[in-house]
Amino acid sequence: MLYQMEPIPGTDKALRKQLTAQALERLSAQQLPIRENKLPVIVLIEGWSAAGKGSLISKLIRDLDPRFYNVISFDNPTETESRRPWLWRYFTHIPEYGKLEFLDSGWVEQTMRDRVSGRLDKNQFQKRLDSIKRFERQLCDDGYLVVRFFLNISRKEQKRRINRLLDNKDTMWRVSEFDRWQNEHYKECEAVYDEILEATQSSYHPWHLIDATDTKEALPVVSHILSEAIDGAMKQKPVSGQPGGVFSLLPSPPISTVDLSPSISEDEYKTQLKACQKRLKELHNKIYRKRIPVIIAYEGWDAAGKGGNIRRIANSLDARGFEVLPIASPTPDELRHQYLWRFWNRLPKDGHVAIFDRTWYGRVMVERIEGFCTDEQWQRAYTEINEFEQELMDWGAVVVKYWIHIDSDTQLERFQNRQNTPEKRWKITDEDWRNREKWSQYEVAVNDMLQKTSTAAAPWYIIESKDKRYARIKAMKILIEAIEKALVD
């Protein structure tokens, strides 16, 4: 392996026992401060098959309060997991603030398996490495402590342990076909592991290479490193200090310059609506067959017509293959996680359509304006959102983003109409009026959002909605074109 292994305390059994007891006692005592400081801790235990990852975790958690930690063992992706972005099963399992999580293998082993099996070619492998670095950097920037260990054993030692497991009928089930294959192709797997560790090594959460030939000697080393890292993180929350990705951005003129005059006659609207809905229905069958996911993001002014726009698209689709996801204020559980966590949890299966009524862009609009996050957090979010959408497109998703646009006078007219019409009164709230008073602040935030997140791969589409019928047809035509292009590509 490429990295120098962590030193072990020696072979003196009494000393090793003492050091282990001290480290585990210290780790147990850290749980309350972790909770109080709302420090989320991810302990990633990677390594060779039969290196002792599971038994090491069992010893690390021996004295911990089970209410405040989770242990997750990742094997080959399930059918459900394989129909989402590859990061989905990891991002949706990140711990909440103030808890520890121990991972028995994770994104490194999966990447190694995918590379040696040929599921990732050279370019795809490089994209996967970039994805890992983005994922870990985002966690670190959000205050997560990620402590990474790799348990290293020789090919000979691995073979010995595999044979020992196979010799006992009660343990032979623990040896998979891949475990045997890995031992036979040890050098090939080692080369891929080396490449992954080298590419993802960082100063803010380095890899700790552990000699796992003697698991009893590995325990005090791992527990000491972990407790030291936790102490350091509680004194100063982890921050990567690493730059995010660079994206090709499209020019976005101020929304105040948008011409809102386009309109369509009632007869023409009915004709085009029927044709668009028929075509969307056909395309829905095609994307389901080819397992292409479609994600439609709606943002816009209050009373701009998002709901009616969404209904016309939804009425074109098979009810079994789409979901409309209205996004409200984060729940208490969602607030205890990185802000994108709740959107990763809502991603559709491949071949399905997800329509988001409000989105992850709340971070750079309402959360920014209302002070629900810090300046540093919402300023960092532009890059994180671009990276999130890049993950979706690397997965193969069609991502279409609409800003449904009206002017202030049109909004006022619609607000008054809602308030004066009993069957529409439920649509208008005090919060709508409060938001209207901050129109100028929102206009600045919207312009920043469009300028910083309208990428060449996932552009924003401004939908002029003074005439709602025109807006509906324009949105449907854009969606049809995007899906048709994806089917050809």
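Here the structure is a predicted model, which means the values were calculated and not measured.

Draft legend 1. Focus on the overall build of the chain. Looking only at helices and strands, the chain has 21 helices and ten strands in total. The proportion of buried residues among the 489 residues of the chain is 53%. In the chain, once contacts between residues fewer than 6 apart in sequence are set aside, the share between residues at least 24 apart is 83%. Total accessible area computed for the chain in this model is approximately 23,100 Å², and 49% of it derives from carbon and sulfur atoms. The centroid of the 75 positive side-chain charges in the chain is displaced by 4 Å from the centroid of its 73 negative side-chain charges.

Draft legend 2. Representation of the pattern of salt bridges within the structure. In the structure shown here, the tally under the stated rule is 43 salt bridges. One salt bridge in this structure joins glutamate 109 and arginine 113, with 3.1 Å as the shortest N-O distance. Placement of both glutamate 109 and arginine 113 in helix H6 (residues 107–116) is noted, with a separation of four residues, approximately one turn of the helix. You can call glutamate 109 buried: its relative accessible area is 9%. Taking the relative accessible area as the measure of exposure, arginine 113 reaches 9% and is therefore buried. A salt bridge links glutamate 384 to arginine 380; the shortest N-O distance between them is 2.7 Å.

Draft legend 3. The side chain of asparagine 183, seen in detail. Inspection of the secondary structure puts asparagine 183 in helix H9 (residues 177–184). Apart from residues lying up to four places away in sequence, asparagine 183 is in contact with Arg155, Gln158, Lys159 and Ile162.

Draft legend 4. Here's a closer look at unusual backbone geometry. The phi torsion at alanine 50 lies on the positive side, around 70°, for a residue other than glycine. In this fold, alanine 50 is placed in the loop between strand E1 (41–47) and helix H3 (53–60). Even without being glycine, arginine 358 reaches a positive phi, approximately 80°. Relative to the assigned elements, arginine 358 resides in the loop between strand E8 (353–357) and helix H16 (366–370). For arginine 358, a relative accessible area of 23% translates into the label partly exposed.

What counts, and where the lines are drawn
Residues numbered from 1 in each chain as written. Predicted model: local features only at pLDDT ≥ 70, side-chain atom pairs only at ≥ 80, totals over all residues. Heavy atoms only, no water. Helix = DSSP H or I, 4+ residues; strand = E, 2+ residues; numbered from the N terminus. Buried < 20%, exposed > 50% of the residue type's maximum accessible area, 1.4 Å probe, protein only. Contact = heavy atoms within 4.5 Å. Areas by Shrake-Rupley, 256 points an atom, 1.4 Å probe, with all protein chains shown as cover. Lys, Arg positive; Asp, Glu negative; His and termini not counted. Charge placed at Lys NZ, Arg CZ, Asp CG, Glu CD. Salt bridge = Lys/Arg side-chain N within 4 Å of Asp/Glu carboxyl O.

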